[in-house]
Amino acid sequence: MIVLKIIIAIIIFSIIIIFHEFGHFLLAKLNDIQVNEFSLGFGPTIVSIQGKETKFSLKLLPFGGSCAMEGEDGDSDSKRAYSNKSVLARFCVVAAGPVFNFIMAFIFSVILIGSIGIDLPEISQVMDGYPAQEAGILENDKIIKLDNTKIYTFRDVSMYTFFHSGQKINVTYQRGDEIYNTVITPRYDKESDAYYIGLYGSSNRSKVGALSVIGYGIHEVKYWISYTIHSLFWLLTGRISLNDMSGPVGIIQTIGNTYEAGMQSGGLTLAVVNLLNISILLSANLGVVNLIPFPALDGGRLLFMIIEGIRRKKINPDKEGYVHFIGFVILLGFMAIVLFNDIRKLFLQ
């Protein structure tokens with residue numbers, strides 16, 4: 001069972017990475033850029049196939065991938081070199097990776113919502129003694145807005161209150177045909193070490209029409225993008241630590257545990273639903289993280305191109321390559337810390 005969980009996790013992780021790199025690959029081809037190698041994984045090559053121009057490789061460590069283009073980190077005399085293309089062409093090639101992650105998250109979201117529906121923001125139960133009850137909210141009420149944020153699903157309620165713990169929240173809700181407004185401050189619970197407003201959503205999911213599936217699919221991607229951005233902000237501000245993060249090992253373990261929990265609770269169908277959910281999160285997460293304007297990440301490369309476009313003067317490729325190399329070394333150090341935490345958590349369980 002352990003081996004099966006690991007295989008499933010690696011397959012999902014690999015599909016997400018391949019789709020990301022395929023975005024770079026496709027836009028490179030559309031812009032007539034020579035791609036020397038398309039690879040899944042890092043480290044020594046296990047197997048490779050030489051195409052007409054591009055070598056397709058599978059490498060030992062399945063924790064990443066690359067789309068290596070001619071002249072990507074230096075000068076090249078080739079007319080088809082990445083470095084010799086326009087700023088717009090290079091921008092599109094680099095941006096395509098994260099964009100394709102968002103596209104994948106959207107496709108998975110449409111499949112998921114079309115299959116099981118959505119969790120409408122309708123209240124199934126109000127907890128005794130909590131702020132929602134004190135504010136007069138009742139069962140069957142529907143949450144419409146929290147502050148200025150429109151609410152589409154009950155998970156929107158949960159996420160908003162989580163990231164606004166201890167803050168006053170203006171709540172707009174509907175009861176029948178009437179609209180009401182109130183103010184609620186999430187209350188801290190010592191036992192769970194969390195803040196609650198005291199609402200439960202329904203466990204039943206509502207089916208929606210074809211056009212609504214597309215709309216809710218877009219919202220699902222926005223939900224996970226927002227979740228990732230808020231989490232990164234909390235990391236930068238110290239509200240969560242590196243110990244709370246997961247690297248490739250932790251992600252693979254989480255995917256495996258998600259599959260196992262689904263199989264135990266509802267069989268293969270629930271397992272697939274759970275895996276789709278986590279795949280949406282991971283794909284959106286990878287897209288957001290890669291857009292961070294840090295050297296070696298796609299966002300760092302995009303930042304250099306924006307500067308180049310403003311200056312209307314090309315940045316020295318060697319100097320830019322050096323900056324990205326330093327960024328890559330820093331990222332390796334960061335990943336080493338996260339990997340250590342992942343392994344440490346395995347032994348503490």
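Scroll up to find the structure this text is about.
Scope of this entry: the structure provided in the associated data block. (Residues numbered from 1 in each chain as written. Predicted model: local features only at pLDDT ≥ 70, side-chain atom pairs only at ≥ 80, totals over all residues. Heavy atoms only, no water.)

1. So, the sheet that holds strand 4 (residues 142-146)
Phase 1 of the analysis: The four strands are arranged 5-4-6-7 in an open sheet whose pairing can be described as antiparallel. If you trace the sheet from one side to the other, it starts and ends with strand 5 (149-150) and strand 7 (178-184), each paired once.
Phase 2 of the analysis: In the sheet, strand 4 pairs with strand 6 (residues 169-175) via four bridges, with the strands oriented antiparallel. Note that in strand 6 the partner of L146 across the bridge is V171.
Phase 3 of the analysis: The strands that helix 4 (residues 154-163) touches are strand 4, strand 5 and strand 6; relative to strand 4, the one it contacts most, it runs at about 40°. (Pairing = 2+ DSSP bridges. Helix = DSSP H or I, 4+ residues; strand = E, 2+ residues; numbered from the N terminus. Contact = heavy atoms within 4.5 Å. Axes fitted to C-alpha atoms, helices over the stretch in contact; angles between N-to-C directions.)

2. A word on helix 1 (residues 2-30)
Since one α-helical turn is 3.6 residues long, residues separated by three or four positions face the same way.
Phase 1 of the analysis: With 29 residues, helix 1 extends 42 Å between its outermost C-alpha atoms, agreeing within 8% with the 42 Å of an ideal straight helix rising 1.5 Å per residue.
Phase 2 of the analysis: Remark: D32 follows helix 1 within two positions and exhibits a positive phi of approximately 55°. (Expected span 1.5 Å × (residues − 1).)

3. Section: the nonpolar core
Phase 1 of the analysis: I12, I255, L275, I280 and L282 are the most contacted members of the largest nonpolar core, which totals 31 residues.
Phase 2 of the analysis: At 13 residues, the largest contribution of residues to this core is made by helix 6 (residues 248-290).
Phase 3 of the analysis: Those residues in contact with L275 that sit more than four places away from it in its chain are I8, I12, I255, T258 and Y259.
Phase 4 of the analysis: Grouped together as the second largest cluster of nonpolar side chains are 16 residues, I123, A132, I137 and I151 included. (Core = buried A, V, L, I, M, F, W, Y, C linked by side-chain atoms within 4.5 Å. Buried < 20%, exposed > 50% of the residue type's maximum accessible area, 1.4 Å probe, protein only.)

4. Thoughts on the packing of helix 2 (residues 87-116) against helix 5 (residues 210-236)
Phase 1 of the analysis: Closest axis-to-axis distance for the helix 2/helix 5 pair is 8 Å, and the angle between their directions is 125°. By the angle between their axes, helix 2 is oblique relative to helix 5. For the crossing formed where helix 2 meets helix 5, the hand is right-handed. Note on element contacts: helix 5 touches helix 2 through V213, I214, Y216, G217, I218, E220, V221 and I225, opposite F102, A105, F106, S109, V110, I113 and G114.
Phase 2 of the analysis: Residues belonging to the contact of helix 2 with helix 5 are distributed by class as follows: eleven nonpolar, three polar and one charged. (Parallel < 35°, antiparallel > 145°, perpendicular 65-115°, else oblique. Left-handed = near helix turned anticlockwise from the far one by under 90°. Nonpolar A, V, L, I, M, F, W, Y, C, P; charged D, E, K, R; others polar.)

5. Comments concerning the packing of aromatic side chains
Phase 1 of the analysis: On inspection of all chains with the given rule, the structure shows 15 aromatic pairs.
Phase 2 of the analysis: With a centroid separation of 6.5 Å and 85° between ring planes, the pair formed by Y130 and Y196 is classed as edge-to-face. Separated by 66 residues along the polypeptide, Y130 in the loop between strand 3 (123-126) and helix 3 (131-134) and Y196 in strand 9 (residues 194-196) bring together distant segments of the chain.
Phase 3 of the analysis: Using a relative accessible area of 15% as the deciding quantity, one classes Y130 as buried.
Phase 4 of the analysis: By relative accessible area, Y196 is classed as partly exposed at 35%. (Phe/Tyr/Trp six-rings, centres within 6.5 Å; stacked < 30°, edge-to-face > 60°.)

6. A short note on the pattern of salt bridges
When the charged atoms of two side chains with opposite charge come close together, those side chains can pair.
Phase 1 of the analysis: Using the criterion set out here, one finds eight salt bridges in the structure.
Phase 2 of the analysis: A salt bridge links E220 to R155; the shortest N-O distance between them is 2.4 Å. With E220 in helix 5 and R155 in helix 4, this pair connects stretches of sequence that are 65 residues apart.
Phase 3 of the analysis: Salt bridges sharing common partners tie together K29, D32, E53 and R80. (Salt bridge = Lys/Arg side-chain N within 4 Å of Asp/Glu carboxyl O.)

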